[in-house]
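The residues making up each chain are set out below.
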Amino acid sequence: PIPVIIDCDTGVDDALALLFAVRHPGLDLRAVTCVAGNTDVDGVVRNTLTVLEHAGAPDIPVARGAERPLVEPPRSARHVHGEDGMGDLGLPAPTRTAADVDAVTLLRREILASPRPVTLIPTAPLTNIALLLRTHPEVTRNIERIVFMGGAVACGNATPVAEFNVWHDPEAAAVLLTAGVPLTMYGLDVFQQVVVSGPEIERLRASDEPGTRLAGELLAHRPGSPDGDGEDWAGGVGDAGAVCAVVDPEGITTRLLPVEVSLAPGPTRGQTIVDRRPRPGEAEIHGEGRAPDLVDVALDVDVERYVKLYLETVTAG
Ligand code: BDR
Ligand code: CA
């Protein structure tokens, strides 16, 4: 199996990603690290432990990470993910506890201890990852790739142009984008496409198996799922799509493109600028263009393929 570590802000769809990762036989989930994002970091730790326990996952180490972005104060997304940050499903508090080391220490330890290079899957603001890369740059020698949910080629969600994870900590995203590690950007353009149909979600909700039922409850709480009956409502797997992209990279269409992030105050802050031009423009001709690092950017996704992969995996618990 592929050794992976998820860095998350659980989060309704981060929970969907964790369920998938612990149940896919092709993945070896070695640790989960938590960061402030959808809710405060203590809430993220609690939600993460709850999901892992509920899914009957092995005792995977979970660590608490940054409680705020590098520069700005934290800004939660509770209006999307509920008061508890995970859909207010009323799940029992976890009996498991977090590791007694912080996220950056756990990341370093697990990456360097892995017999094979690790794939990191951040599905949250990139604060922990930036701190790791700056504090312990030696980890890059045992990182296979970082497949991150963040950014957008076209349209944002936190602002008209910025996606939440990058907008929440743009400086951290800039550290990631210039780290020289192979990167895959699973941005909003593909994130928003992978949705499970209402009747399928109802089937999951009706299951006797706790992890499958939890996947159903979470999908029913995804933003944009109209609460109601009928064939035409749907719930997105969200962050779980980034984990699908590790298991099944053929399911996304990617292109290696220059990507940078806007750190300027004002309306572009947190925007990922993806250069899709076929040839250099005037700025480069006049010697003014920079040459940002290249990122494998997901431009399209085979929706049916990922929905099938997701459902088959989470119902196999
Ligand atoms: C991202 O922001 C969070 O709300 C979701 O969990 C996802 O990681 C989407 O912009
Ligand atoms: Ca997330």
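Placed above this text is the structure.
Residues numbered from 1 in each chain as written. Chains lettered and ligands numbered in written order. Predicted model: local features only at pLDDT ≥ 70, side-chain atom pairs only at ≥ 80, totals over all residues.

**Focus on the overall build of the chain**
Consideration 1: Of regular secondary structure, the chain possesses 13 helices and 11 strands.
Consideration 2: What you see for the chain is a C-alpha radius of gyration of 18 Å, in line with the 20 Å of a compact globule of 317 residues.
Consideration 3: Within the span of the chain, comprising 317 residues, buried residues form 51% of the whole.
Consideration 4: Of all intrachain contacts in the chain linking residues separated by at least 6 positions in sequence, the fraction that spans at least 24 positions is 81%. (Helix = DSSP H or I, 4+ residues; strand = E, 2+ residues; numbered from the N terminus. Rg over C-alpha atoms; globule rule 2.2 N^0.38 Å. Buried ≥ 20, exposed ≤ 12 C-beta atoms within 10 Å, placed from the backbone. Contact = placed C-beta atoms within 7 Å.)

**Let's talk about the site of ligand 1**
Consideration 1: Taken together, 15 residues sit near ligand 1, with Gly 11, Asp 13, Ala 77, Phe 164 and Asp 239 positioned nearest.
Consideration 2: Broken down by secondary-structure element, the contributors of at least two residues to the shell around ligand 1 are helix 1 (12–23) and helix 6 (164–168).
Consideration 3: In terms of residue class, the shell around ligand 1 is built from 5 nonpolar, 6 polar and 4 charged. (Near = placed C-beta within 6 Å. Nonpolar A, V, L, I, M, F, W, Y, C, P; charged D, E, K, R; others polar.)

**Considerations on the environment of Ser 114**
Consideration 1: Structurally, the position occupied by Ser 114 is in the loop between helix 4 (103–113) and strand 4 (118–122).
Consideration 2: For the pair Ser 114 and Thr 50, spaced 64 residues apart in sequence, the C-alpha separation works out to 26 Å.
Consideration 3: The contacts of Ser 114, once residues within four sequence positions are left out, are Pro 3, Arg 30 and Asn 142.

**Here's the deal with the environment of Pro 122**
Consideration 1: Structurally, Pro 122 is set in strand 4.
Consideration 2: Counting along the chain gives 40 residues from Pro 122 to Gly 82, while the straight-line C-alpha distance between them is 21 Å.
Consideration 3: Setting aside its immediate chain neighbours within four residues, Pro 122 contacts Asp 7, Ile 129, Ile 146 and Phe 148.

**What to know about the sheet that holds strand 9 (residues 252–261)**
Consideration 1: Pairing within the open sheet is mixed, and its 9 strands lie in the order 3-2-1-4-5-6-11-9-10. Either end of the sheet is taken by a strand with one partner, and the two such strands are strand 3 (62–64) and strand 10 (272–274). Looking at each pair of strands side by side, their axes are set apart by 30° on average, direction ignored.
Consideration 2: Each of strand 1 (2–8) and strand 2 (27–34) is contacted by helix 1, which is oriented at about 165° to strand 1, the strand it contacts most.
Consideration 3: Running at roughly 170° to strand 3, helix 2 (residues 41–54) makes contact with strand 1, strand 2 and strand 3 of the sheet. (Pairing = 2+ DSSP bridges. Axes fitted to C-alpha atoms, helices over the stretch in contact; angles between N-to-C directions.)

**Description of the packing of helix 4 against helix 5 (residues 127–135)**
Helix-helix packing is characterised by the crossing angle of the two axes and by the distance between the axes.
Consideration 1: At a minimum axis distance of 9 Å, the contact between helix 4 and helix 5 shows a crossing angle of 60°. Classified by the angle between their axes, helix 4 and helix 5 sit oblique to one another. Crossing of helix 4 over helix 5 shows right-handed handedness. Facing Ala 103, Val 104, Leu 107 and Arg 108 of helix 4, the residues of helix 5 in contact are Asn 128, Leu 131, Leu 132 and Thr 135.
Consideration 2: Here the contact of helix 4 with helix 5 is composed, by residue class, of 5 nonpolar, 2 polar and 1 charged. (Parallel < 35°, antiparallel > 145°, perpendicular 65-115°, else oblique. Left-handed = near helix turned anticlockwise from the far one by under 90°.)

**Here we look at the packing of helix 11 (residues 240–247) against helix 13 (residues 303–314)**
Consideration 1: Look at helix 11 against helix 13: their axes get within 10 Å of each other, and the N-to-C directions meet at 95°. Comparing the axis directions of helix 11 and helix 13 gives the class roughly perpendicular. Contact with helix 11, carried on its side by Ala 240, Gly 241, Cys 244 and Val 247, involves Tyr 306, Leu 309 and Tyr 310 of helix 13 and no other residues of that element.
Consideration 2: Broken down by class, the residue content of the contact of helix 11 with helix 13 amounts to 6 nonpolar, 1 polar and no charged.

**Digging into the pairing of strand 2**
Consideration 1: The element strand 2 is largely enclosed, with a buried count of 6 among its 8 residues.
Consideration 2: Here strand 1 runs beside strand 2; their pairing, made up of 7 bridges, is parallel. In the sheet register, Pro 3 faces strand 2, and the bridge partner there is Asp 28.
Consideration 3: Handedness of the β-α-β unit built from strand 1, helix 1 and strand 2 comes out right-handed.
Consideration 4: As paired elements, strand 2 and strand 3 share 3 bridges and run parallel to each other. Each residue of the ladder has a partner; that of Val 32, found in strand 3, is Val 62.
Consideration 5: In the classification by handedness, the crossover that spans strand 2, the intervening helix 2 and the parallel strand 3 is right-handed. (Right-handed = clockwise from strand over helix to strand, strands pointing away.)

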